[in-house]
Every structure is written in C-alpha cells, then in structure tokens.
Amino acid sequence: LMLFPAKNADIGNINRALSTLGIPALSSYETATHQVSVINESAYVFSDIFDRRPANMKLPQVQGRFKFQRGSGESLLSFRDGNPFLVGYPVDKGTFFLFSTALTETESNLGMNAEVFVPFLYKAALQSSAKAVISYTIGNDEQIVVNMPAGRGDVIYKMKGPAESVSYTHLR
C-alpha cells in the first residue's frame, strides 16, 4: 500500500488512519523546493537495482512536502536536510509506503523519474512475494531451488546464453 498525500488533503483523517497502523503523523504542509539526495541501497526495494549508480543520477525534487518522523519505518529516500521523502513501514505481512508529497507534476517529479520510480514500483510489487531472488549471476556459486512437477520422471533443464549452454538433469 502506498500513500502520496496531496497538499490539500484532510490531514486529520490521514493521521487517524496512520495512527491505527502505528505510523507517525504528518505535520503541516510546507511549500518549498527540496531535492532527494539519499537512496537507501541496502533496503530491499533498492537493493540490486544499480550496478554502479551514476554520480549525476537525477533524483526526485519536490515543490512542497509534509514532514513526518521515520518512527519504526525504514527510510528509503531522504532529502538533503535529512527528512524522509519515502519511508516503508512494516504492517502485517506487507509494507506501507509513505511519501511526503503527492504524485502530481505540480508537487513532485517522482512520476517522471524512471531511474528511481520504476525500479521502486517493481521491487515494491515483488516484496509481497517473500523477497524472492529474481536473478542470478553466472560464475557465482548460488543454489537455485526449483519446484518439481509430480509424476513426470526425469526432467532436463537447459539454460542458454550468448557464448555457452549449461544443462542440468534432475533424476528422481
């Protein structure tokens, strides 16, 4: 679940809902330009996204924001002044993602920021699948677990790449 609060939102209702989830309240909206400067690459939603993050990577900028405390959540994106732009809060078996501003072009350029927003959406969607590994690197010693269909005898798996092919036979 994600919340992008608009500057004219009913903060009282939002804060009551956040409170029931154990999430800190939003403060009043401040109109000022702020630049995101920190990506928490150790967080699941940003881990394994960038091989080498470019020094000139365009990070989101906002024209206004709500301030809030991180509390028990994990800061995922932060502004230069240290305040959070995006925090993930564990709720039951999932994560509640709280942004400090709306997803409109007048309040933020996050929606137009493919370098950050698209990978975040992808990994946030995968997060509900028990943090499954989505890729492996050939040459690393990694175990790949595959569920076998019942009653099919021997199964041969083949992986092909541009230079070589690897076969693996599973005998029951």
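The rules we used
- Residues numbered from 1 in each chain as written.
- Predicted model: local features only at pLDDT ≥ 70, side-chain atom pairs only at ≥ 80, totals over all residues.
- Heavy atoms only, no water.
- Helix = DSSP H or I, 4+ residues; strand = E, 2+ residues; numbered from the N terminus.
- Buried < 20%, exposed > 50% of the residue type's maximum accessible area, 1.4 Å probe, protein only.
- Contact = heavy atoms within 4.5 Å.
- Areas by Shrake-Rupley, 256 points an atom, 1.4 Å probe, with all protein chains shown as cover.
- pLDDT = per-residue confidence, 0-100.
- Salt bridge = Lys/Arg side-chain N within 4 Å of Asp/Glu carboxyl O.
- Phe/Tyr/Trp six-rings, centres within 6.5 Å; stacked < 30°, edge-to-face > 60°.
- Lys NZ or Arg CZ within 6 Å of the ring centre and 35° of its normal.
- Pairing = 2+ DSSP bridges.

(A) Main features of the overall build of the chain. The helix and strand tally for the chain stands at two helices and eight strands. Start at the N end of the chain and walk to the C end: the helices and strands fall as β-α-β-β-β-β-β-α-β-β. For the chain, the proportion of its 172 residues judged to be buried stands at 35%. Residue pairs at least 24 apart in sequence account for 57% of intrachain contacts in the chain once pairs closer than 6 positions are excluded. Accessible surface, the chain as shown: approximately 11,100 Å² in total, 51% of it carbon and sulfur.

(B) Spotlight on the confidence of the model for the chain. Confidence in the prediction for the chain averages 82 pLDDT; 77% of positions are at 70 or higher. Confidence, expressed as mean pLDDT per element, reaches its minimum in the chain at strand β8 (residues 165-170) with 54 and its maximum at strand β3 (residues 61-66) with 94.

(C) Region of the structure containing the pattern of salt bridges. Counted according to the given criterion, the structure contains two salt bridges. A salt bridge links D81 to R65; the shortest N-O distance between them is 2.6 Å. With D81 in the loop between β4 (74-79) and β5 (84-91) and R65 in strand β3, the pair connects residues that are 16 residues apart, well separated along the chain. Its relative accessible area of 43% is what places D81 among the partly exposed residues. Judged by its relative accessible area of 1%, R65 is buried. Among the charged side chains, a network of salt bridges with common partners joins E30, R65 and D81.

(D) Looking closely at helix α2 (residues 117-127). For α2, the complete set of buried residues consists of F117, P119, F120, K123, A124, L126 and Q127. Looking at the buried positions of α2, the neighbouring elements they touch are β1 (2-3), β5 and β6 (94-99).

(E) Up close: the side chain of S78. Structurally, S78 is set in strand β4. Residue classification places S78 among the buried residues on the basis of a relative accessible area of 10%. Dropping the residues within four chain positions of it, S78 is found in contact with V36, S37, V38, N83, P84 and F85.

(F) Focus on the packing of aromatic side chains. Within the structure shown, the criterion is met by seven aromatic pairs. Here the aromatic rings of F79 and F85 are separated by 5.5 Å at their centres, their planes lie at 70°, and the arrangement is edge-to-face. A relative accessible area of 2% means that F79 is categorised as buried. Following the ring pairs from residue to residue traces out a cluster consisting of F4, F46, F79, F85, F97, F99 and F120. If you follow K123 out to its NZ or CZ, it ends over the ring of Y44, 4.5 Å from the centre.

(G) Representation of the pairing of β4. With five of six residues buried, β4 lies mostly within the body of the structure. One ladder, built from three bridges, connects strand β2 (residues 29-39) with β4; its direction is antiparallel. The partner of V36 across the bridge, within β4, is F79. Note that β4 and β5 share four bridges and pair antiparallel. Looking across to β5, one finds that L77 is bridged to L86.

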